[in-house]
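# Structure at a glance
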Amino acid sequence: MQRSLMGSPMHRMNILNPNHNKVGIGISISVNIDGLNRLAVAQEFINQYGHYSVLPHALKRGQPFIVAGTLDAGFSPYSIEIAWEAAPKSMTKAELVTSPLVYSEADRFVTGFYPDLEPKVVRVVQHAGNKSFSVTITPEADWKAGLYYVSILARSSKGNTPFLVSLRTTHLN
């Protein structure tokens, strides 16, 4: 299983990303069906450079929602991007046991908003050194049912390369 994880270029790139400034560690101990203890450890690498508004649990076509947040001093919003992936499907116990571990990436870029290119669409306001941003997004009639990933990318005043600071998921039925 570890070989599969490290064989994933995206997983490896995430681990080696120098922009991470926090890490979360989860530990779980359980008893398996054979009565043996099972220890699981997971880590989440985090780029915590601001605070972001809560997304709606579910989207509705034609009903606008807002993506907003405030970035820490020294950071500017680069883009807000939406990607789509088909909803996960139920699996049998046998499928869960035999299926290979696969990291899924969103299948399709849906739309993006770029503050530098669209200042009337993505509002950016600076106060006390921090930059707040907001954009109103309306799911169009052609948006498919499934999962929608909302990515927020930012740039540091010390570097020009944008990096991911928030990735959240919502869905559309």
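Right above here is the structure, for reference.
Small disclaimer: the values here were computed from a predicted structure and weren't measured.

So, about the overall build of the protein. Looking only at helices and strands, the protein features 3 helices and 11 strands. Listing the helices and strands of the protein from first to last along the sequence gives α-α-β-β-β-β-β-β-α-β-β-β-β-β. By principal-axis analysis of the C-alpha atoms, the protein measures approximately 60 × 40 × 25 Å. A burial count over the protein gives 29% of its 173 residues as buried. Across the protein, contacts joining residues at least 24 apart in sequence account for 63% of those joining residues at least 6 apart. Accessible area for the protein stands at about 11,700 Å²; split by element, carbon and sulfur atoms hold 56% of it. Across the protein, 16 positive and 12 negative side-chain charges occur, with their mean positions spaced 3 Å apart.

Moving on: the pairing of strand β10 (residues 146-156). Burial runs high along β10: 11 of the 11 residues are buried. Bridge analysis of strand β6 (residues 75-85) against β10 gives 10 bridges, and the strand direction is antiparallel. In the sheet register, Trp-84 faces β10, and the bridge partner there is Tyr-148. Bridge count between β10 and strand β11 (residues 163-172): 9 bridges; the pairing is antiparallel. Counterpart to Tyr-148 in the pairing with β11 is Thr-170. Counting the residues in the hairpin turn of β10 and β11 gives 6 residues.

Definitions and cut-offs
Residues numbered from 1 in each chain as written. Predicted model: local features only at pLDDT ≥ 70, side-chain atom pairs only at ≥ 80, totals over all residues. Heavy atoms only, no water. Helix = DSSP H or I, 4+ residues; strand = E, 2+ residues; numbered from the N terminus. Buried < 20%, exposed > 50% of the residue type's maximum accessible area, 1.4 Å probe, protein only. Contact = heavy atoms within 4.5 Å. Areas by Shrake-Rupley, 256 points an atom, 1.4 Å probe, with all protein chains shown as cover. Lys, Arg positive; Asp, Glu negative; His and termini not counted. Charge placed at Lys NZ, Arg CZ, Asp CG, Glu CD. Pairing = 2+ DSSP bridges.

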